[in-house]
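As a plain string of letters, each chain reads:
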Amino acid sequence: MCFRCLSNLWVVGSAIAANQPVLRVCADPNNLPFSNQEGQGFENKLAEMLAGQLGARLEYTWWAERKSFLKSSLEAGRCDVVMGVPASLASVATTKPYYRSTYVFVSRSDRNLHVTSLSDPRFAEWRVGVHVVGDDYAPPAAVLARRGITSNVVGFSLFGPYNEINPARKLIDAVAQGQIDIAIVWGPFAGYFAKQESATLDIVPVMPATFLTIPFTYEIAAGVRKGDGELRTRLDNAIASDSAEIQRILNEYGVPQVREE
Amino acid sequence: MRPTTECLLSLFAALLISPASAQIQNQPDDGQWTMPAKNYASTRYSTLDQINAANVKNLKMAWSFSTGVSRGHEAAPLVVNNTMYIVTPWPNYLYALDLTKPGAPMKWVYQPNPTPASQGVACCDVVNRGAAYYNGRIYYNTLDLQTVAVDANTGKEVWKTKMGDINLGESMTMAPIVAKGKVIVGNSGGEFGVRGWMAGLDADTGKIAWRAYSTGPDSDVLIGANFKPYYRSDRAKDLGKNTWAGDQWKIGGGAAWSWVSYDPTLDLIYYGTSNPGPWNPEQRPGDNKWTSSIFARRPETGEAIWAYQFNPHDEHDYDGVNENILLDLNINGKPRKVLAHPDRNGRLYIMDRTDGQVLSAEPFVYLNTTLGVDLNTGKLKFNEAKATGFKTVRDACPAPPGGKDWQPSAYSPKTGLLYIPHNNLCYESQGTQANYIAGTPYVGMLSRMYAGPGGNRGEFCAWDPVKAKKVWAVKEMFPAWSGALVTAGDVVFYGTMDGWFKALDDRTGNLLWKFKVGSGIIAQPVSYKGPDGKQYIAVLSGVGGWAGAVVAGGINTVDGTAALGFTNAMTDLGKYTTKGGLLYVFSLP
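Note that this is a predicted model, so its numbers are computed, not measured.

## Considering the overall build of chain B
The helix and strand tally for chain B stands at five helices and 38 strands. Over its C-alpha trace chain B gives a radius of gyration of 22 Å, about what one expects of a compact globule, namely 25 Å for 589 residues. A principal-axis box enclosing the C-alpha atoms of chain B has dimensions of 65 × 60 × 50 Å. For chain B, buried positions account for 68% of its 589 residues.

Spelled out as structure tokens, the structure:
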């Protein structure tokens, strides 16, 4: 249903807003550094930039990014774009990736852990924090589990209490406050929240970069509905035309970036 | 004095000699339907017999009612004091319909206004499994974790108690029961890393009397001095904590999202708990107690009396939440107080409900993930070849929705048979699908489900719980995702996802009547006596739920792994039904 009427929506939007088209984006209202309702996240800034490139007015539908988020938002026609999805996500059509980040090790600098690899034997002794994403642990925990390291792995739910500001930050706080020895966390969380801690934190990319076909680096893109090739092409062109500005925004938010292997 | 005592003694003797009249499955029936499972024993058996195997072919639609809600309708209508009560999926309206007037016009509607965000938390459609009537009030749960008491006459809210926080990934979908003045309710959210619990609220005030967690130290699980599980291995201290690695029990699942039964004589409630989290079993070594388990507790205090784990260290999403039907049967020639529990793992458990001993656990569906239950130790024996994790496993049966999911069975004291609506699904599983939540990429389970042997995705069968044998079975194209109803008229009713409401002969399984409704049926049929003295059969139509999310949620069928892998098995459902909530009521002309 939505596939067929997309171009019409674009036109209708134009008619309402004084001939200016509308870029409709679904985003999480409370998920820094990616997005929040005040527009302070880097995906907010990137969406603004893309809307500017398309000469469109940016319009948000706020929806918590949980399981069934895509079904309720993009697929339900509440918006036409979702920022920040893995480029290999099968359920949507994705644009060219605009950054590639990695899971990272985060520890207090004054601990001098100098960790470089998941095979470091000290992981058996450290208290290791990971995010729990739904009922999945963050991918690096699978490597530790395969080595029998589970009882000292502590899950921090991404979900909650979600009504508090920045629920994801608790994991970084736990490192800074010494409740855990090391966190293994998705790069953008680490880069952004580490800057806000009073303690200095070391951030090191997780190595090896894959294990048992599980990647720890991901290319990130914007998602549109499958079949919405026209919008995807326009977004691809916008991404390509201002890569310098994209880099500036990512650097400002401390997003750890890795090159493609 | 003396004659009275003698009288009592002889009565007592009579009861001993002919226990049939006192059997728990022979429940009194006033023609009303006051709780989803009909009675505390959860038999879903109606003694009404105007509609019978000979005349059911004449059954006609009497009236209907649109709920105005289009998601999956799983609830049982209640009938009390000539009023019918219906709970809808989110936004969880409660309708009261006046059965004394032609066409049963609406008396009132109660709208609890649950927060829209709670839709994003429910794993598998925004369903609700119904309400319970007690002492002039209707009790039910909203998706955003409010337990409400509503005056059955006026529709006015009497109390509302917040039971949890949807922001933690919890929700509520189960139907409460009221036992000994306590409203028994539990949470949903096993897919969201929640910690499961069951709670008892004071029916008068809504005050929380107790809350028993499924995981954690004994003090949190309400295990104390009176806890006497049958198997020795279950008697150690703090198993809800010590069968986990580290602190994992704090987010280990074990939600109590389904049915509760009650034995007033033993004063025990029975209910099951959901599968453990995280999904990858390699990351949670240990038995992960008390997930995928059954608890027997005191309704007033929540104190655990016994427990048993159906699926230790579950690897296939086999929740232990399915219905427990309370029966007094002769097993191996001895009268036993048992419960019958058709588990997600595909085995029909007959357990002694006084102490939790497993008497039998035979397969009611094709399965290969387990080899049997050791009746000496109570341990489930696994087929290691079908173990999951971050590797590919093919042809594991049953699939995650189980040999049977939440859809409740019925039992007829007349035939002595259980009537079980169930699935016939297998699956393959890989741990390598890119996924994301809230900006965080990760690898989730890639699971695809498909029909099991025979090609039919569902089945409706009759099962002899004494002989532990299937008596007859009817194949269904789609999973049989509705509840069952059986009556003293020797008719058993259920609905199909492609929208047929069916009546079968309860002894042969022969199809006696069917009626095409507007949308697929995943709800619980009921039978009641109207103010005109006639017998009626009522059922909600409105496809959805986990199995029907492909239609109710408008899921794109290009991605077979959507709806946690169920979409792959259901891609054609949209050709057979569309969504929409409607109540259908039938009677003889």
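## What about the overall build of chain A?
When its secondary structure is counted, chain A shows eight helices and 15 strands. Taken over the C-alpha trace, chain A has a radius of gyration of 19 Å; the compact-globule value for 261 residues is 18 Å, and the two agree within 12%. Referenced to the eigenvectors of the C-alpha coordinate spread, the extents of chain A come out at roughly 60 × 35 × 35 Å. Expressed as a percentage of its 261 residues, the buried residues of chain A come to 59%. Of all intrachain contacts in chain A linking residues separated by at least 6 positions in sequence, the fraction that spans at least 24 positions is 75%. Summing over all exposed atoms, chain A offers an accessible surface of approximately 10300 Å²; the carbon and sulfur share of this is 51%. Of note, chain A has its 25 positive side-chain charges centred 3 Å away from the centre of its 27 negative side-chain charges.

## Here's the deal with the sheet that holds strand S7 (residues 132-134) of chain B
Sheet strands associate in pairs through backbone hydrogen bonding, adopting either a parallel or an antiparallel arrangement. Residue and element names in this part refer to chain B. The strand order across the open sheet formed by four strands is S7-S8-S9-S10, and the pairing between neighbours is antiparallel. Lying at the two open borders of the sheet, with one neighbouring strand each, are S7 and strand S10 (157-162). Averaged over all pairs of adjacent strands, the angle between their axes in this sheet comes to 20 degrees, without regard to strand direction. By the bridge criterion, three bridges tie S7 to strand S8 (residues 137-141) in an arrangement that is antiparallel. Considered in S8, the bridge of Tyr 133 is made with Ile 138.

## Remarks on the packing of aromatic side chains
Tallied over the full model, the rule gives 43 aromatic pairs over all chains. Put simply, the rings of Phe34(A), Phe42(A), Tyr98(A), Tyr99(A), Phe189(A), Tyr192(A), Phe193(A) and Tyr253(A) pair up and form one aromatic cluster. One residue, Arg44(B), lies across the ring of Trp259(B), its end atom 4.9 Å from the ring centre. For Arg297(B), the ring lying beneath its charged end belongs to Phe295(B), and the centroid distance is 4.1 Å.

## Here's the deal with the state of the cysteines
Under the counting rule described, the total for this entry stands at two disulfides over all chains. Two residues, Cys26(A) and Cys79(A), share a disulfide whose sulfurs are 2.1 Å apart. Handedness of the Cys26(A)-Cys79(A) disulfide follows from its S-S torsion of about -115 degrees: it is left-handed. On the criterion of sequence distance, the pair formed by Cys26(A) in strand S1 (residues 22-27) and Cys79(A) in the loop between helix H3 (69-72) and strand S5 (81-86) is long-range, its members being 53 residues apart. The disulfide bridge from Cys397(B) ends at Cys426(B), spanning 2.1 Å between sulfur atoms. The S-S bond linking Cys397(B) to Cys426(B) shows a torsion near 105 degrees; that makes this disulfide right-handed. Of this pair, Cys397(B) sits in the loop between strand S25 (393-396) and strand S26 (410-412) while Cys426(B) sits in strand S28 (residues 425-437), placing them 29 residues apart in sequence.

## A word on the pattern of salt bridges
Overall, the coordinates contain 38 salt bridges over all chains when judged by the stated rule. Linking Arg146(A) and Glu282(B) is a salt bridge whose minimum nitrogen-to-oxygen distance equals 2.6 Å. Here Arg146(A), found in helix H4 (residues 140-146), pairs with Glu282(B), found in the loop between strand S16 (268-272) and strand S17 (293-297), and the two come from separate chains. Arg146(A) sits in the partly exposed class, given a relative accessible area of 39%. Overall, the relative accessible area of 23% leaves Glu282(B) in the partly exposed class. In this structure, Asp490(B) and Lys414(B) form a salt bridge, with 3.3 Å as the shortest nitrogen-oxygen distance.

## Things to note about the sheet that holds strand S11 (residues 177-179) of chain B
All names here are of chain B. What the four strands build is an open sheet, ordered S11-S12-S13-S14; its pairing is antiparallel. Of all strands in the sheet, those with a lone pairing partner are S11 and strand S14 (208-213), marking the two edges. Averaged over neighbouring strand pairs, the angle between their axes works out to 25 degrees when direction is ignored.

## Some details on the interface of chain B and chain A
Tallying the contact residues gives 42 residues for chain B and 51 residues for chain A. Taken together, the two surfaces of chain B and chain A that pack against each other cover about 4100 Å², and 59% of this comes from carbon and sulfur. In terms of surface lost to chain A, no three residues of chain B exceed Tyr436(B), Ile437(B) and Pro441(B), which account for 15% of the buried area on that side. Run the count over chain B and chain A and you get two salt bridges. Connecting chain B to chain A are seven residue pairs in polar contact (both at pLDDT 80 or more). When residues of the side of chain B that touches chain A are traced back to their parent elements, those giving at least two are S28 and strand S29 (440-451) of chain B.

## Looking at the packing of helix H2 (residues 42-54) of chain A against helix H7 (residues 229-241) of chain A
Describing two packed helices takes the angle between their axes plus the distance from one axis to the other. All names here are of chain A. In the contact formed by H2 and H7, the axes pass within 9 Å of each other and the chain directions differ by 105 degrees. Between H2 and H7, the angle falls in the class roughly perpendicular. Here Met 49, Leu 50, Gln 53 and Leu 54 of H2 lie close against H7, whose contacting residues are Arg 234, Leu 235, Ala 238, Ile 239 and Ser 241. By residue class, the composition of the contact of H2 with H7 is six nonpolar, two polar and one charged.

## Some words on the packing of H2(A) against helix H8 (residues 243-252) of chain A
Residue and element names in this part refer to chain A. Running from N to C, H2 and H8 cross one another at 165 degrees; their axes reach a closest spacing of 10 Å. With respect to their mutual orientation, H2 and H8 come out roughly antiparallel. Along this stretch, H2 crosses H8, giving a crossing that reads as right-handed. Contacts from Phe 42, Lys 45, Leu 46 and Met 49 in H2 reach Glu 245, Ile 246, Ile 249 and Leu 250 in H8.

## Details of the side chain of Asp238(B)
Relative to the elements of secondary structure, Asp238(B) occurs in the loop between helix H2 (218-221) and helix H3 (239-242). Of note is the side chain of Asp238(B), whose polar atom sits 2.7 Å from the backbone nitrogen of Asp218(B).

## Describing the domain arrangement of chain A
Accessible area lost upon the coming together of the parts is a frequently used measure of interface size. All names here are of chain A. Splitting chain A by domain gives domain 1 (21-99 + 218-252) and domain 2 (101-215). One C-alpha centre belongs to domain 1, the other to domain 2; they are set 26 Å apart. Between domain 1 and domain 2, the residue contacts involve 15 residues of the former and 17 residues of the latter. Summed over both partners, the interface of domain 1 with domain 2 comes to about 1400 Å²; 55% of that surface belongs to carbon and sulfur atoms. On the domain 1 side of the contact with domain 2, Asn 30, Arg 66 and Tyr 218 bury the most area, a combined 45% of that side's loss. On inspection of domain 1 and its partner domain 2, the count reaches zero salt bridges.

## Points about the confidence of the model for chain A
Per-residue confidence for chain A gives a mean pLDDT of 88, with 91% of residues at or over 70. Note that residues 1-17 of chain A has pLDDT below 50 and, in this model, 25 contacts with residues that lie over four places away or in other chains.

## Let's talk about H7(A)
Residues and elements named next belong to chain A. The end-to-end C-alpha distance of H7, which contains 13 residues, comes to 18 Å, matching closely the 18 Å that a straight helix rising 1.5 Å per residue would cover. Where H7 is concerned, the buried positions are Leu 231, Leu 235, Asp 236, Ala 238 and Ile 239. The buried residues of H7 occupy one face: seen down the axis, they fall within an arc of 165 degrees.

## Side note on the pairing of S8(B)
Residue and element names in this part refer to chain B. Burial of S8 is extensive: five of the five residues sit out of reach of the surface. Where burial is concerned, the two faces of S8 agree: the one with Arg 137, Tyr 139 and Asn 141 and the one with Ile 138 and Tyr 140 are both buried. Sheet topology note: the S8/strand S9 (residues 146-151) ladder contains five bridges and is antiparallel. For Ile 138, the partnering residue across the bridge sits in S9 and is Val 150.

Cut-off values and rules
Residues numbered from 1 in each chain as written. Chains lettered and ligands numbered in written order. Predicted model: local features only at pLDDT ≥ 70, side-chain atom pairs only at ≥ 80, totals over all residues. Heavy atoms only, no water. Helix = DSSP H or I, 4+ residues; strand = E, 2+ residues; numbered from the N terminus. Rg over C-alpha atoms; globule rule 2.2 N^0.38 Å. Buried < 20%, exposed > 50% of the residue type's maximum accessible area, 1.4 Å probe, protein only. Contact = heavy atoms within 4.5 Å. Areas by Shrake-Rupley, 256 points an atom, 1.4 Å probe, with all protein chains shown as cover. Lys, Arg positive; Asp, Glu negative; His and termini not counted. Charge placed at Lys NZ, Arg CZ, Asp CG, Glu CD. Pairing = 2+ DSSP bridges. Axes fitted to C-alpha atoms, helices over the stretch in contact; angles between N-to-C directions. Phe/Tyr/Trp six-rings, centres within 6.5 Å; stacked < 30°, edge-to-face > 60°. Lys NZ or Arg CZ within 6 Å of the ring centre and 35° of its normal. Disulfide = S-S within 2.5 Å. Salt bridge = Lys/Arg side-chain N within 4 Å of Asp/Glu carboxyl O. Buried area = accessible area lost by both parts, 1.4 Å probe. Polar contact = N/O pair within 3.5 Å; in protein donor to acceptor, adjacent residues only side chain to side chain. Parallel < 35°, antiparallel > 145°, perpendicular 65-115°, else oblique. Nonpolar A, V, L, I, M, F, W, Y, C, P; charged D, E, K, R; others polar. Left-handed = near helix turned anticlockwise from the far one by under 90°. Domains from an automatic or database assignment. pLDDT = per-residue confidence, 0-100. Expected span 1.5 Å × (residues − 1). Arc of directions from axis to C-beta.

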